[in-house]
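If you want the building blocks of each chain, they are given just below.
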Amino acid sequence: MSPRSTNPGGASRVRRRALLGAAVLVVLVALAGLAAYLTRDGRASSKAPAPQVSSASPSSPTASASASSPSHGRRGTLPVPPSTHDPIKFGKAAAAALWSYDTRAYSQHELVAALRGWLTSEKKYADTASVDALVPSRVLWKEMAANGQFATAKVNEAHFPDSFTQALQADPGAITTAYVYAVTVSGKQSIAWKGSSHGGAENRVTTLAVQCRPSQPCALAGVLSAVAP
């Protein structure tokens with residue numbers, strides 16, 4: 001018997017990730033059973049209105065503000081979610097927040113709490129574990145803080161994955177079950193530390209599940225385990 005089967009917390013995380021996969025309409029195409037679940041529930045709903053999609057250029061005010069890189073002398077602030085009904089715009093801001101941290105300005109616990117504030121209040125769709133996993137552990141954070149390490153993000157582009165778009169076109173009403181959109185975001189994370197002149201940088205790409213119900217601003221549902229192109 002695997003350890004996961006005897007771990008109630010692990011089982012809960014598995015169930016939550018399964019629900020998240022269902023909500024984003026077969027973005028994880030390997031989960032065919034979840035696609036059937038979503039189609040069954042979604043077809044009973046009315047046709048969803050088209051989401052308000054902004055340009056995917058990095059000049060978006062929300063994305064550029066969230067991804068702005070502090071200089072070595074200026075410390076970062078905890079990320080605050082934007083108030084928007086645009087899943088693309090929210091996805092950009094969320095990716096920038098998830099790729100950024102500043103051990104000089106706040107604790108690991110404070111960053112975890114701030115990022116959880118981006119999550120949807122609907123626990124059925126909030127994959128907290130997928131967000132927490134992107135924050136360095138407390139032990140690692142302590143080591144990083146000793147060196148004054150921080151990371152900044154630059155968002156280059158965001159879009160709805162092809163698999164999500166095709167599924168939505170095939171069954172527009174399915175989205176009305178949870179109003180969760182898949183958004184794939186690409187960009188670059190830059191890391192610097194005390195005494196460094198250049199630091200390091202690497203390209204990043206991730207697929208987020210963003211909930212945008214018509215009656216309330218967008219919120220993060222979670223981070224998918226696989227990138228959907």
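As shown above, the structure is provided for reference.
Residues numbered from 1 in each chain as written. Predicted model: local features only at pLDDT ≥ 70, side-chain atom pairs only at ≥ 80, totals over all residues. Heavy atoms only, no water.

K.L.:
Give a detailed account of the pattern of salt bridges, specifying residues and quantitative values.
P.N.:
For the coordinates displayed, the defined rule picks out 3 salt bridges. Its salt-bridge partner being Asp102, residue Arg104 comes within 2.8 Å of it at the nearest N-O pair. When its relative accessible area of 2% is taken as the criterion, Asp102 is described as buried. Where Asp132 meets Arg116, a salt bridge forms, and the shortest distance between an N and an O atom there is 2.5 Å. Of the two residues, Asp132 sits in helix H6 (residues 128-132) while Arg116 sits in helix H5 (residues 108-116), which places them 16 residues apart along the sequence. With a relative accessible area of 22%, Asp132 lands in the partly exposed category. Arg116 gets classed as partly exposed once you look at its relative accessible area, which sits at 42%. (Salt bridge = Lys/Arg side-chain N within 4 Å of Asp/Glu carboxyl O. Buried < 20%, exposed > 50% of the residue type's maximum accessible area, 1.4 Å probe, protein only. Helix = DSSP H or I, 4+ residues; strand = E, 2+ residues; numbered from the N terminus.)

K.L.:
Run through the pairing of strand E5 (residues 219-223), naming residues and quoting values.
P.N.:
Put simply, side chains in a regular strand alternate between the two faces of the sheet. Most of E5 is tucked away, with 5 of its 5 residues classed as buried. Sheet analysis places strand E4 (residues 200-211) next to E5, joined by 4 bridges and oriented antiparallel. Directly across from Gln211, in E5, lies its bridge partner Ala219. (Pairing = 2+ DSSP bridges.)

K.L.:
Describe the nonpolar core, with residues and values.
P.N.:
The biggest cluster of nonpolar side chains holds 40 residues, and the ones touching the most others in it are Leu98, Val185, Leu208 and Leu220. Mapped by element, the contributors of at least two residues to this core are helix H4 (87-98), H5, helix H7 (138-146), strand E2 (150-159), helix H8 (162-170), strand E3 (180-192), E4 and E5. Those residues in contact with Val185 that lie beyond four places of it in its chain are Gly91, Lys92, Ala95, Trp99, Val155, Glu157, Ala158, Arg204, Val205, Thr206 and Leu208. Counting residues in each nonpolar core, the second largest holds 6 residues, with Tyr125, Ala178, Ala221 and Leu224 among its members. (Core = buried A, V, L, I, M, F, W, Y, C linked by side-chain atoms within 4.5 Å. Contact = heavy atoms within 4.5 Å.)

K.L.:
So, the packing of aromatic side chains: which residues are in play, and what are the values?
P.N.:
Here a ring pair, both rings aromatic, is described through the centre-centre distance and the interplanar angle of the planes. Here the structure, examined in full by the defined rule, presents 6 aromatic pairs. Grouped by ring-pair contacts, the aromatic residues Tyr101, Tyr106 and Trp141 constitute a single cluster. In this structure, Arg104 packs its charged tip against the face of Phe150, placed 3.9 Å from the ring centre. (Phe/Tyr/Trp six-rings, centres within 6.5 Å; stacked < 30°, edge-to-face > 60°. Lys NZ or Arg CZ within 6 Å of the ring centre and 35° of its normal.)

K.L.:
Tell me about the pairing of E2, and please be specific about residues and values.
P.N.:
Both strand E1 (residues 101-102) and E2 contribute to a ladder of 2 bridges, which runs antiparallel. Paired with Asp102 across the bridge in E2 is Phe150. Sheet topology places E2 next to E3; 9 bridges connect them, and they run antiparallel. Residue pairing across strands places Ala158 opposite Val185, the latter belonging to E3.

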